[in-house]
Amino acid sequence: QVQLAESGGGLVQAGGSLRLSCAASGRTFSTYGMGWFRQAPGKEREFVAAISWGFSTSYYADSVKGRFTISRDNPKNTMYLQMNKLKPEDTAVYYCAASRQQTAQTTMRAYDYWGQGTQVTVSS
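Now for a look at the structure at hand. (Residues numbered from 1 in each chain as written. Predicted model: local features only at pLDDT ≥ 70, side-chain atom pairs only at ≥ 80, totals over all residues. Heavy atoms only, no water.)

**Some remarks on the overall build of the protein chain**
If you tally the helices and strands in the protein chain, you get 0 helices and 11 strands. In the protein chain, the order of α-helices and β-strands from amino to carboxyl end is β-β-β-β-β-β-β-β-β-β-β. For the protein chain, whose C-alpha radius of gyration is 13 Å, the value lies close to the compact-globule estimate of 14 Å for 124 residues. For the protein chain, the spread of C-alpha atoms along the principal axes amounts to about 40 × 25 × 25 Å. Within the protein chain, the fraction of its 124 residues that count as buried is 46%. Sequence-distant contacts in the protein chain: of pairs separated by 6 or more residues, those separated by 24 or more amount to 59%. Carbon and sulfur atoms provide 47% of the accessible area of the protein chain, an area that totals close to 6400 Å². Of the side-chain charges in the protein chain, 13 are positive and 8 negative, and the distance between the mean point of each set is 5 Å. (Helix = DSSP H or I, 4+ residues; strand = E, 2+ residues; numbered from the N terminus. Rg over C-alpha atoms; globule rule 2.2 N^0.38 Å. Buried < 20%, exposed > 50% of the residue type's maximum accessible area, 1.4 Å probe, protein only. Contact = heavy atoms within 4.5 Å. Areas by Shrake-Rupley, 256 points an atom, 1.4 Å probe, with all protein chains shown as cover. Lys, Arg positive; Asp, Glu negative; His and termini not counted. Charge placed at Lys NZ, Arg CZ, Asp CG, Glu CD.)

Below, the structure is given as structure tokens:
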């Protein structure tokens, strides 16, 4: 069992930056593939970024490529999402997720555990 807790969301102006954190419980964090998803009001939850357990692979949605960076610190049981050059369309609730599959996964159904989400609001 893995429990996830996101933090670091908030209100930022367009062009600004935020760093989200996802703290995980459990001794097996390092063996899970991890990902970030987001859900804007009235829209479906969508993939943002994912990273494999051994840091060897990461994927990004086209909409955030070049602006967002996913990383993880396995000894600290924590994953991060550095978000730069934020746009109003990045406004959403951001969720972290853990997959028993050790590789980086881009689909929701691949993930077994989810956090409660953290709100990111980007003003124009």
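**Observations concerning the state of the cysteines**
This model, assessed by the stated rule, comprises 1 disulfide. At a sulfur-sulfur separation of 2.1 Å, the disulfide partner of Cys22 is Cys96. Residues Cys22 and Cys96 are joined by a disulfide whose S-S torsion is about 60°; by sign, that bridge is right-handed. Of the two residues, Cys22 is situated in strand β3 (residues 18-24) and Cys96 in strand β9 (residues 92-99); the sequence distance between them amounts to 74 residues. Like Cys22, the residue Cys96 is buried in the burial classification. (Disulfide = S-S within 2.5 Å.)

**Thoughts on the side chain of Thr78**
For Thr78, the location among the structural elements is in strand β8 (residues 78-83). In this structure Thr78 comes out as buried when scored by relative accessible area, which is 11%. Of the polar contacts made by the side chain of Thr78, one reaches the backbone oxygen of Lys76; its length is 2.8 Å. Those residues in contact with Thr78 that lie beyond four places of it in its chain are Ser21, Cys22, Ala23, Phe29, Arg72 and Asp73. (Polar contact = N/O pair within 3.5 Å; in protein donor to acceptor, adjacent residues only side chain to side chain.)

**Section: the pairing of strand β1 (residues 4-7)**
Working note: regular strand, side chains alternate between the two faces of the sheet. Of the two faces of β1, only one is covered, namely that formed by Leu4 and Glu6; the face formed by Ala5 and Ser7 stays uncovered. Bridging between β1 and β3 involves 4 bridges; their strand directions are antiparallel. Along β3, the bridge assignment pairs Leu4 with Ala24. (Pairing = 2+ DSSP bridges.)

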